[in-house]
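# Observations on chain architecture
Below are the chains, spelled out letter by letter.
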Amino acid sequence: TVMVINCSGVGGFSTDRTHYEYNGYKQLSDYLYSRVRQLYYNATDTVGLRFPSIKKAFYSTSSNTVIGMTFNGSNPNSIPSDSNSQNIKNYFFLDRVASTTSTSLTLSSGKDTMYLTMPTTQTATRISYLPLGFNNGTDSSSSAVYIAPFIRNSRGLAVLAFDSVYIEPYPAPDTSVWQAETR
């Protein structure tokens, strides 16, 4: 079994921003132990033990102004408030360009789908969240480390970063089925 342990959103960075202090390593060990406990010790408390991972992205309106992102593993629990003068919705990249003009980021009632609303029609075919390199949300070419809010599940596990996930087009009307006209 291969398991991914996400280091995104783990607190307790040391001053070198590469290693952790005690609290950071403690948080990582808690993540790991919860999963090992489930796999090898038959733990029954399994809700939210996996990091939320994107399943698919899609345009949810015909105007291509809203991008839906469906998650599996576990669902995001809430959208974080701004912190450190950073807004989480600015860390979504459309075709590797920051979406700094997005107007909102919301969760569906079932919390398995997140919606990024844009002010104008989009033509992007790929979406990324926290790409490998970025600079304060303005481009994806630098190697700055992101330290700001993270989207998390009910256990506090951060959504896995994703890069260049294909955005499915809005469903076109099915013209292959003949429909009778109403009079």
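Before going into details, it helps to say that this report is about the structure given with it. In this text the structure is predicted, and so the values were computed from the model without any measurement. Along each chain, numbering runs from 1 in the same order as the chain's sequence is written. Reporting in this predicted model follows two pLDDT cut-offs: at least 70 for local features of residues, and 80 or more for side-chain atom pairs to be given and counted; totals over whole chains, interfaces and linings ignore these cut-offs and use all residues. Each side-chain value is derived from all of the structure's non-hydrogen atoms; neither hydrogens nor water enter the calculation.

## Quick word on the sheet that holds strand E6 (residues 113-117)
Inclusion rule: Strands pair, by our definition, only if DSSP identifies at least two bridges between them. By the criteria applied, helices consist of DSSP H or I runs no shorter than four residues and strands consist of E runs no shorter than two, each listed in order from the N terminus.
Spatially, E4-E3-E7-E8-E1-E2-E6-E5 is the arrangement adopted by the eight strands of the open sheet, whose pairing is mixed. Every interior strand has two partners, whereas the edge strands, strand E4 (97-98) and strand E5 (104-107), have only one.

## So, the side chain of Asn 64
Filter applied, for reference: The contact definition used throughout considers only heavy atoms, calling two residues in contact when any of these lie within 4.5 Å.
In this structure, Asn 64 sits in the loop between strand E1 (53-59) and strand E2 (66-72). Setting aside its immediate chain neighbours within four residues, Asn 64 contacts Tyr 59, Thr 120, Thr 121, Gln 122 and Tyr 170.

## Observations concerning the pattern of salt bridges
Where side chains of opposite charge bring their charged atoms close, a pairing between them can arise. This is how the line gets drawn: Note on definitions: salt bridges are taken to be side-chain nitrogens of Lys or Arg within 4 Å of carboxyl oxygens of Asp or Glu. Accessibility here uses a 1.4 Å probe with only protein chains present; expressed as a share of the type maximum, an area under 20% marks a residue as buried, one over 50% as exposed, and anything in between as partly exposed.
The final tally for this structure, using the stated rule, is two salt bridges. Residue Asp 30 pairs with Lys 26 through a salt bridge whose shortest N-O separation is 2.9 Å. Pair noted here: Asp 30 and Lys 26 are both in helix H1 (residues 22-41), with a separation of four residues, about one helical turn. Overall, Lys 26 belongs to the partly exposed group, its relative accessible area being 37%.

## Some points on the packing of aromatic side chains
Just so we agree on the cut-off: In summary, the pairing rule links any two rings of Phe, Tyr or Trp, Trp by its six-membered ring, whose centres are within 6.5 Å, and it sorts them by plane angle into stacked for under 30 degrees, edge-to-face for over 60 and tilted for everything else.
Summed over all chains, the structure comprises two aromatic pairs. Taken together, a centroid distance of 5.8 Å and an interplanar angle of 40° make the contact between Tyr 129 and Phe 162 tilted. A residue pair is termed long-range when its members are at least 10 positions apart, and Tyr 129 in strand E7 (residues 126-129) and Phe 162 in strand E8 (residues 162-168) qualify at 33 residues. With a relative accessible area of 8%, Phe 162 lands in the buried category.

## Concerning the pairing of E6
Where E2 meets E6, five bridges bridge the pair, whose relative direction is antiparallel. Across the sheet, the residue bridging to Ile 67 is Leu 116, located in E6. Between E5 and E6, which follow one another and run antiparallel, lie five residues, and Lys 111 among them has a positive phi close to 60°.

## Section: the nonpolar core
Rules: Here, the term nonpolar core denotes a set of buried Ala, Val, Leu, Ile, Met, Phe, Trp, Tyr and Cys residues that are joined through side-chain atoms within 4.5 Å.
Grouped together as the largest cluster of nonpolar side chains are 25 residues, with contacts concentrated most on Met 69, Phe 92, Ile 127, Tyr 129 and Phe 162. Sorting the residues of this core by element identifies E1, E2, strand E3 (92-94), E6, E7 and E8 as the ones contributing at least two each. In this structure Met 69 touches Ile 54, Lys 56, Ala 57, Phe 58, Phe 92, Leu 105, Asp 112, Thr 113, Met 114, Leu 116, Ile 127 and Phe 162, once residues within four positions along its chain are discounted.

## Let's talk about the environment of Asn 72
With respect to the helices, strands and loops of the structure, Asn 72 is situated in strand E2. C-alpha separation for the pair Asn 72 and Phe 51, spaced 21 residues apart in sequence, amounts to 8.7 Å. In this structure, Asn 72 is in contact with Phe 51, Pro 52, Ser 53 and Lys 55, ignoring residues within four places of it in sequence.

## With respect to the environment of Ser 154
Relative to the helices and strands, Ser 154 resides in the loop between E7 and E8. C-alpha of Ser 154 to C-alpha of Val 47: the two residues are 107 residues apart in sequence and 8.3 Å apart in space. Look past the residues within four positions of Ser 154 in its chain and what remains in contact with it is Gly 48, Asn 75 and Asn 77.

## What about the pairing of E1?
Sheet topology note: the E1/E2 ladder contains six bridges and is antiparallel. Residue pairing for E2: Ser 53 is matched across the bridge by Asn 72. If you look at the hairpin formed by E1 and E2, you'll find six residues sitting between the two strands, and Asn 64 has a positive phi there, around 55°. Note that E1 and E8 share two bridges and pair parallel.

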